[in-house]
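Examination of the molecular architecture
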Amino acid sequence: MYLLLSVFYYFYFSIVGVYIIFMPKVLSTVGYSASEIGIIFAAAPLIRFILPFLFIRGLQLNSKIFNVSLFLSFLSAVSFYLSLDNFYALLLSNIAFGIGLSLILPYVEVIALHSIGKESYGKVRLFGSLGFIIVALVLVKFLSSPYVALDFLLVVTLLMAITAYFVQKLNAKDETVENEHIKSDINLLRDWQLWLGLLLMQTSFGSFYNFFTIYETDNGISLDMTIYLWSFGVLVEVAMLYFQGRFLRGNLLNLLQITIFATAIRWFLVFAYPTNLEVLFFAQALHALSFALFHSAAISYLYHLYKHRSLAQQFFSGITYGLGGLSGALLSGFIYEYYSTYLFLSSSLIALLAFFMISLYKRRTSALKS
């Protein structure tokens, strides 16, 4: 299972690398405006946000639905070839792609946390970061036309789907995912500070995921150097994932506070020093906290907070990468089109709001325990 999970994460986040780093630049190259790019990249997160509410109504994330999601992801990757030059067709392709990917990762995350534990999770998840960085370093050398990026996306999607299928087959006799009929104990209103904090944290990433490449190249940083900045961030992420086990044994809410505050500092540095490479590399070093440690702490906290673990992971994916990705994409698109200088300042302020929400939640939980 260790090997299969490692390969799955490698290819899954290779997809994310192509999609996040290169697709916005591809769409910009073929003539889409910043607001149009924001709308297109908001489609998949919107679907990711809606889907968990269907599952809370009784729909089960089982092997059949999981396998359908694998096929849908591959079919959507094929459809990008036909829809690249048509805004509405491309929007539909992104929606279908979002449906597929939003079901795949939560299913596998529960398998990983159950089979290898939170302390060892990072040592498997780091292969996803390696996939992200390797595809970035390779693709930047071959990106002679928009269709080259689509070729890479198609190949890694196919390889991910094949690997994920075998992960599911190996886990077929394990009832932790397959037959989880526990009544939902997830109460978004009761824990609203927690979920709003997680939502705002991911919203703050909208400028980074959708416009960092465009932002830096527009400020005079070369595409190659921008890719090196991406890659450096992933390298420190890999290091954190490998060594983070000791941190995850501590207070997970404290970790969430620390990582969110570090993110606010990170976005402010990118805003204040958009052309200073030393500062930019330092800001990227904070990716070890703002992504790697934050992600592991968040899914581990939810895994132990709620009994319905697969649904908790779906809501984490839906609310953060879904609604947070949606709001982040839309907000960053319009801010960059009309107030481009303040793009990352707005992200820093949003991250500070996330820090405040988690602090409120921590204070409430501490009061309940005392």
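Some details on the overall build of the protein chain
Within the protein chain, the secondary structure is distributed over 16 helices and zero strands. Relative to its length of 370 residues, the protein chain is compact, with a C-alpha radius of gyration of 19 Å against a globular reference of 21 Å. Across its three principal directions, the C-alpha atoms of the protein chain cover 50 × 45 × 35 Å. Within the protein chain, the fraction of its 370 residues that count as buried is 59%. Approximately 14,800 Å² of the protein chain is accessible, and the part contributed by carbon and sulfur atoms is 68%. Mean positive and mean negative side-chain charge positions of the protein chain (21 and 17 charges, respectively) differ by 13 Å.

Brief notes about the packing of aromatic side chains
Under the criterion given, the structure shown has 38 aromatic pairs. A ring pair is formed by Tyr12 and Phe13, whose centres lie 5.2 Å apart and whose planes are at 70°; its orientation type is edge-to-face. For the residue pair Tyr12 and Phe13, the accessibility class agrees, reading buried in each case. Pairing Tyr19 with Phe97 gives two aromatic rings, centres 5.7 Å apart and planes at 40°, and the pair type is tilted. Separated by 78 residues along the polypeptide, Tyr19 in helix 1 (residues 2-29) and Phe97 in helix 4 (residues 87-116) bring together distant segments of the chain. Comparing Tyr19 with Phe97 shows no difference in burial state: the two are buried.

Quick word on helix 1
Between its terminal C-alpha atoms helix 1 stretches 40 Å, which fits the 40 Å expected from 28 residues at 1.5 Å a residue. Along helix 1, the sharpest kink reaches roughly 45°, centred on Phe22 and followed within four residues by the proline Pro24. With 20 of 28 residues buried, helix 1 lies mostly within the body of the structure. At the C-terminal side of helix 1, Gly31 shows a positive phi close to 115°.

Details of helix 10 (residues 223-243)
A rise of 1.5 Å per residue sets the reference length of helix 10, with its 21 residues, at 30 Å; its end C-alpha atoms lie 31 Å apart and thus fit the reference within 8%. Tucked inside the fold, the buried residues of helix 10 contact helix 1, helix 5 (118-142), helix 9 (206-218), helix 11 (245-248), helix 13 (277-285) and helix 14 (287-305).

Quick look at the nonpolar core
In this structure, Phe8, Tyr9, Tyr12, Met160 and Trp195 are the most contacted members of the largest nonpolar core, which totals 130 residues. Considering each element in turn, this core owes the most residues, 16 residues, to helix 1. Setting aside chain neighbours within four positions, we find Met160 in contact with Phe8, Phe11, Tyr12, Ile15, Leu70, Ser73, Leu101 and Ile104.

Overview of the packing of helix 8 (residues 192-203) against helix 15 (residues 309-338)
For the pair helix 8 and helix 15, the least separation of the axes is 7 Å and the interaxial angle reads 45°. Relative to helix 15, the element helix 8 lies oblique. Classified by chirality, the crossing of helix 15 by helix 8 is right-handed. Each of Trp195, Leu198, Leu199, Gln202 and Thr203 in helix 8 lies in contact with helix 15, whose residues at this interface are Ala312, Phe315, Phe316, Ile319, Thr320, Tyr321, Leu323, Gly324, Gly325, Ser327 and Gly328. Grouping the constituent residues of the contact of helix 8 with helix 15 by class yields nine nonpolar, seven polar and no charged.

What about the environment of Leu158?
Its place among the elements puts Leu158 in helix 6 (residues 146-170). Expressed as a C-alpha distance, the spacing of Leu158 and Asn187, which sit 29 residues apart in the sequence, is 36 Å.

Remarks on the packing of helix 10 against helix 14
Running from N to C, helix 10 and helix 14 point in directions that differ by 40°, and their axes come no closer than 8 Å. In terms of orientation, helix 10 lies oblique with respect to helix 14. Relative to helix 14, the crossing made by helix 10 is right-handed. Here Gly233, Val236, Glu237, Met240 and Leu241 of helix 10 lie close against helix 14, whose contacting residues are His287, Ala288, Leu289, Phe291, Ala292, Leu293 and Ser296. Looking at the contact of helix 10 with helix 14 residue by residue, the class counts come to eight nonpolar, three polar and one charged.

Quick notes on the confidence of the model for the protein chain
For the protein chain, the average pLDDT comes to 87, and 95% of its residues sit at 70 or higher. When mean pLDDT is compared element by element in the protein chain, helix 13 scores highest at 97, while helix 7 (residues 175-178) scores lowest at 50.

Parameters and conventions
Residues numbered from 1 in each chain as written. Predicted model: local features only at pLDDT ≥ 70, side-chain atom pairs only at ≥ 80, totals over all residues. Heavy atoms only, no water. Helix = DSSP H or I, 4+ residues; strand = E, 2+ residues; numbered from the N terminus. Rg over C-alpha atoms; globule rule 2.2 N^0.38 Å. Buried < 20%, exposed > 50% of the residue type's maximum accessible area, 1.4 Å probe, protein only. Areas by Shrake-Rupley, 256 points an atom, 1.4 Å probe, with all protein chains shown as cover. Lys, Arg positive; Asp, Glu negative; His and termini not counted. Charge placed at Lys NZ, Arg CZ, Asp CG, Glu CD. Phe/Tyr/Trp six-rings, centres within 6.5 Å; stacked < 30°, edge-to-face > 60°. Expected span 1.5 Å × (residues − 1). Bend = angle between axes of the 7 residues up to and from the residue. Contact = heavy atoms within 4.5 Å. Core = buried A, V, L, I, M, F, W, Y, C linked by side-chain atoms within 4.5 Å. Axes fitted to C-alpha atoms, helices over the stretch in contact; angles between N-to-C directions. Parallel < 35°, antiparallel > 145°, perpendicular 65-115°, else oblique. Left-handed = near helix turned anticlockwise from the far one by under 90°. Nonpolar A, V, L, I, M, F, W, Y, C, P; charged D, E, K, R; others polar. pLDDT = per-residue confidence, 0-100.

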